[in-house]
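Summary of the model geometry
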Amino acid sequence: MRHSLSILLFCFVIPISALGQGRPMTLDDLMSMRTLRNATISNNGAWTAYDIWPDRGNGDAIVKEITGRKQYTIPNGQQPRFSTDSKWLAATIRPDVIEVENASKPADRPKSGMAYLAVSNGAMTTVENVKSFEFTGNSSYLLIWLNTDKPGKDWRKSVGSTLEIRSLAGGAIRSIPFVSSMTADSLGTKLFVAIADSSGEGNALIRYELATSSVDTLHRGSFTRYDQLTWSQPSGTLAFVSAVEDSSQAVDIARLHVLDATLRELQPPSDSRYVPFRTQLRWTDRGDRLFFGTKPVAEKTVVEPKRGDWTVENFKDPEFIRDDRGLDVWHGEDPLIKPHEIKTAAARRSRTFLSVWHRDTGRVVSLADSTLPSVSIPDNARFAVGNSNVAYQREITWFGNQSDVYVVDLRTGLRRMIAERHQGAAQLSPGGNWVVMFRDGHWHAVETATGVSRNLTEALGVTFVDEDHDSPSEPGGYGIAGWTKGDASVLIYDKFDLWSIDLPSGRAVNRTVTGRAERRQYRIRRTDEERTFDAGHVLLLTGYHDVEKTTGFYEVRLDRNGVTSLLQENKKLTFVSKAKDAGVYLYTRESYNEFPDIWSADTRFRNRVKQSTVNPVMSELAWGTSQLVEWSSMDGTPVQGVLILPGGYKPGTKIPVIVYFYELFSQRLHEYNALAVNHRPSFPYYASNGYAIFLPDVRYTEGLPGYSSTKYIVPGVQKLIDMGIADPKGIGIHGHSWSGYQAAHMITQTNLFAAAIVGAPVSNMTSAYNGIRWGSGLARQFQYEQQQSRIGRTMWEARDLYIENSPVFFADRIQTPTLIMFGDEDDAVPWYQGIELYLSMRRFDKDVIFLQYHGEPHHPQRYANKMDYTIRMKEYFDHYLKGAPAADWILEGEAFD
């Protein structure tokens, strides 16, 4: 390891006292700072609930009265939910984190429980060993499904577990043993319960009346399993499947049942397929159609006989010997490359093809098959949309996903192709009259009955293409925002505005009008469960200013043009939810130095009240502030970035800077940086300890992804030097994955940085191009030809670009001390890419250290490894950017013990 003594001499060190406001953050602070999750509001708008958990340790669920003073805490609670009548709240209780950590194996870990309380007085009841729970629709009962207790080896694998029915009014508890599946009607008056007892002899499907505890047996059969209980309230109809277990307690071929309100069985006829036991059933809203999955008989599960033991007769039998082989055959004509085929094998084995049963005719229609495997369940009675990538599976390797799009007739199963080799969005209108899709830079509407297509946006004089798209793939649009009733019009976004386009005529209106001129991006925030909007519907919008990075709330009427401002702040505002039966909103407000606490307001965003104060300790810390910085790239393009300065920073003081980036980061100006111990530098942690953090935007030139980051970032860093902020001898760079690659490439082109930390970087595009993303089983070729790596051509067409953009070929130029990190089970970037960079730098006697974390994927997961990396990152930057004494591992490494 080579270390230049000059590095220790020229770095400017800021004493802690110079930071002014607040104290430096510690690792304990980093682990203890809490995150707010799962915020919800009661239907009557009187209560809110959420859970708050630290990065390491136990948390709580909080239940708070919105306009009053009542507040309750559920220790170790999470995922709170209110009853429909807003009188009760229930939450999961997680086990103590230390007990979980101390469990010797996963099976020994303590199980979760639950708690429920009356919001009127906070009276709380806890229950242990809970699998799941739910309130009934009328809020009269709480259904608590306990985990199965398996006392011995002879206990049947398919046995059910106890379901507790708790009366919320009187507190009475009734139990049904051996429940394996259940569903309740939406009114909360009855349960349908599948029983799987320990012997298998008492298996049955029962109906349980909650008010009277009366039981009707709907179906019974020894060793028969019942599942997928699916109730249709409008038609009073129950669908389910049954199957008889074999001697190994396995089930495969099932029978589909439909019972009407009188318990009369309406048996859907079978066709050339069978219904698997693990199918999924879904009724339409009106209960007139039942969708379910089927399989061809040829795909019926066959249990292969076990291979026998070695005997004198078979010991030298070549065929018996080769039965024990371990082999995968990779054929050039395989539709999927072998790792992708293996990764998706379980999904293919369990996949089903959609069929529909029409109650009025009793007819079953097959909608999907092996040539059209994916058909979406529609809301309308006429058509569905299907997608097939079967013809293009080989091309996934280098092109990515593309598919043919079909309209499928629900009554006949007949299908019509409406788009070939499609990559973008394709959405069926709620009424089934139109499919709207994005192709060739425009939105098109296809009439489902005729197949006639109309270009909706070509004459509007505004681009609907993603304006920030800078990869070789076909750019997409900004999405469909919704539909008006009767399929009258579709709502579509451009980058800034919301457009209403009449589907029969094609007439388009910009409803928000001024978004593009004001550089404000308007987006709908749904406040109810309606699938379509009335013509005069008032919609809540967020408006994000593309230049200033601020957010506001606005509203627009679909029969008028222009927006009304409700709330604008120099913050980031995020809509959370609306009370179902009251005019109360929940939202969060945040900035770099303001935690996104929960706020309440009325629907005009008046009467705003802060409902949580999750991290009051922030006021004690030198958290720092953020500001927008603007400069020009090397080719004169205007660029923005975020600069985070330490708390109490004195203008004119030169301080060390860490450059952290990915692609576009300036949108983080008003974002709170959630604290966690992980693979990246925590901004407030470093800022409170005397560093500035620089988050620059990067845009890319096809074929030159490595140089693109240099072109944008180096002038940005020079801007900080010219501002008198950055110590030119104390600038570091950190990147992970894609930005890890960019940082590794950048240090072959500039000596601007005093140190670089590169996590999971590609270092050699010529070897990575033909590598595998082991997490998905996909080849990496498409990433270079079409997507993020942005070469845009094959390696044989542009061999020079693959070399020019590979850091290993220029490792001899690197003068920057470099720390490389990889998990040796990285499932996205082959970890040998880190080895290539390490060996290349080592060969030229460069200052390089490689951290190999055992058994870790793309981002380290074990807390011990995350903590170790966090500490080493800080020690590395402290040494090279601030002149702190080098830790022993930096000077000498660590010998294998």
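Residues numbered from 1 in each chain as written. Predicted model: local features only at pLDDT ≥ 70, side-chain atom pairs only at ≥ 80, totals over all residues. Heavy atoms only, no water.

Looking at the nonpolar core
Judged by nonpolar contacts, the single largest core of 57 residues is most densely connected at Trp-623 and Tyr-876. Top element by residues in this core is helix H16 (residues 863-882). It accounts for eight residues. Setting aside its immediate chain neighbours within four residues, Tyr-876 contacts Ala-755, Ala-756, Ile-757, Pro-817, Thr-818, Leu-819, Ile-849, Trp-889 and Ile-890. Counting 54 residues, the second-largest nonpolar core is a separate cluster that includes Val-629, Ala-692, Ile-725 and Met-746. (Core = buried A, V, L, I, M, F, W, Y, C linked by side-chain atoms within 4.5 Å. Buried < 20%, exposed > 50% of the residue type's maximum accessible area, 1.4 Å probe, protein only. Helix = DSSP H or I, 4+ residues; strand = E, 2+ residues; numbered from the N terminus. Contact = heavy atoms within 4.5 Å.)

Quick notes on the packing of helix H10 (residues 705-722) against helix H11 (residues 738-746)
For the pair H10 and H11, the least separation of the axes is 9 Å and the interaxial angle reads 75 degrees. By the angle between their axes, H10 is roughly perpendicular relative to H11. Counting all contacts with H10, which are made through Pro-705, Gly-706, Tyr-707, Ser-709, Thr-710 and Ile-713, the residues of H11 involved are Trp-738, Tyr-741, Gln-742, His-745 and Met-746. Along the lines of polarity and charge, the residues of the contact of H10 with H11 split into six nonpolar, five polar and no charged. (Axes fitted to C-alpha atoms, helices over the stretch in contact; angles between N-to-C directions. Parallel < 35°, antiparallel > 145°, perpendicular 65-115°, else oblique. Nonpolar A, V, L, I, M, F, W, Y, C, P; charged D, E, K, R; others polar.)

Observations concerning the pairing of strand E9 (residues 130-135)
As defined by bridge partners, E9 adjoins strand E10 (residues 141-146) across five bridges and the pair is classed as antiparallel. Across the sheet, Ser-132 pairs through a bridge with Trp-145, a residue of E10. Between the antiparallel neighbours E9 and E10 lie five residues, among them Ser-139 with a positive phi of about 65 degrees. (Pairing = 2+ DSSP bridges.)

Section: the layout of surface pockets
For the largest pocket, the calculated volume is near 620 Å³. What lines the largest pocket is a set of 27 residues, among which Asp-468, Lys-495, Asp-546, Leu-664 and Arg-699 lie closest to the centre. The greatest single-element share of the lining of the largest pocket, amounting to three residues, is contributed by strand E45 (residues 638-645). When its residues are assigned to classes, the lining of the largest pocket shows eight nonpolar, seven polar and 12 charged. (1 Å grid on protein atoms, 1.4 Å probe; cavity = no way out; pocket = protein on both sides within 12 Å on 5 of 7 lines; lining within 4 Å. Points joined across faces, edges and corners; volume = space filled by probe spheres on them.)

A look at unusual backbone geometry
Its identity as a non-glycine residue notwithstanding, Gln-79 has a phi of 50 degrees, on the positive side. For Gln-79, the location among the structural elements is in strand E5 (residues 77-82).

Focus: a nonpolar patch on the surface
Residues Trp-310, Phe-315 and Ile-321 make up a contiguous nonpolar surface patch of about 320 Å² in total accessible area. Along the chain, Phe-315 turns up in the loop between strand E21 (289-296) and helix H4 (318-322). Phe-315 sits in the exposed class, given a relative accessible area of 53%. (Patch = residues over 30% accessible without salt bridge, like charges linked within 9 Å, V, L, I, M, F, W, Y side chains within 5 Å. Areas by Shrake-Rupley, 256 points an atom, 1.4 Å probe, with all protein chains shown as cover. Salt bridge = Lys/Arg side-chain N within 4 Å of Asp/Glu carboxyl O.)

Concerning the pattern of salt bridges
Close approach of charged atoms lets side chains of opposite charge pair. Inspection of every chain in the model, using the stated rule, returns 43 salt bridges. The salt bridge involving Asp-288 is made with Arg-289; its shortest N-O contact spans 3.2 Å. On the accessibility criterion, Asp-288 (25% relative accessible area) is partly exposed. Since its relative accessible area comes to 3%, Arg-289 is described here as buried. Where Glu-467 meets Arg-516, a salt bridge forms, and the shortest distance between an N and an O atom there is 3.0 Å. With Glu-467 in the loop between strand E31 (453-455) and strand E32 (480-483) and Arg-516 in helix H8 (residues 515-518), this residue pair connects regions lying 49 residues apart in the sequence. For Glu-467, a relative accessible area of 32% gives the class partly exposed. Relative accessible area serves as the criterion here: at 26%, Arg-516 is assigned to the partly exposed category. Among the charged side chains, a salt-bridge network with shared partners connects Asp-468, Lys-495, Arg-519, Asp-546 and Arg-699.

Remarks on the pairing of strand E13 (residues 190-195)
Two faces make up the sheet, and in a regular strand the side chains alternate between them. Of all the six residues making up E13, six are buried; the element is thus mostly covered by neighbouring parts of the structure. Residues Lys-190, Phe-192 and Ala-194 of E13 are buried on one face, and the alternating residues Leu-191, Val-193 and Ile-195, pointing to the opposite face, are buried as well. As paired elements, strand E12 (residues 173-184) and E13 share five bridges and run antiparallel to each other. Considered in E13, the bridge of Ala-184 is made with Leu-191. One ladder, built from six bridges, connects E13 with strand E14 (residues 204-209); its direction is antiparallel.

Side note on the sheet that holds strand E42 (residues 594-602)
Read from one edge of the open sheet, four strands run E40-E41-E42-E43, paired in antiparallel fashion. Looking at which strands have only one partner, the edges of the open sheet turn out to be strand E40 (572-578) and strand E43 (609-610). The sheet contact formed by strand E41 (residues 584-591) and E42 spans seven bridges and is antiparallel. Across the sheet, residue Leu-586 finds its bridge partner in E42, namely Ser-600.

Here's the deal with empty space enclosed by the protein
Gaps left between atoms show up when a probe the size of a water molecule is rolled over them. Across all of its chains, the model carries two cavities of 30 Å³ or more by this definition. Together, Arg-525, Arg-526, Thr-527, Asp-528, Phe-533, His-537, Val-538, Leu-539 and Leu-540 line the largest cavity. Tallying contributions element by element places strand E37 (residues 538-545) first for the lining of the largest cavity, with three residues. Of the residues assigned to the lining of the largest cavity, the class counts are four nonpolar, two polar and three charged.

Focus on H11
Counting buried positions along H11 yields nine of nine residues, so the element is predominantly enclosed. Within H11, the full set of buried residues consists of Trp-738, Ser-739, Gly-740, Tyr-741, Gln-742, Ala-743, Ala-744, His-745 and Met-746. Looking at the buried residues of H11, the elements they touch are H10, strand E48 (726-736), strand E49 (755-759), helix H12 (765-768), helix H14 (799-804) and helix H15 (832-843).

Focus: the environment of Glu-164
Along the chain, the position of Glu-164 falls in strand E11 (residues 161-167). Using a relative accessible area of 13% as the deciding quantity, one classes Glu-164 as buried. Residues Glu-164 and Lys-711, spaced 547 residues apart in sequence, show a C-alpha to C-alpha distance of 64 Å. Contact partners of Glu-164, with chain neighbours within four places excluded, come to Val-127, Leu-142, Leu-143, Ile-144, Leu-146, Ile-173, Arg-174 and Ser-175. One polar contact links Glu-164 to Arg-166, side chain to side chain, over a distance of 2.8 Å. (Polar contact = N/O pair within 3.5 Å; in protein donor to acceptor, adjacent residues only side chain to side chain.)

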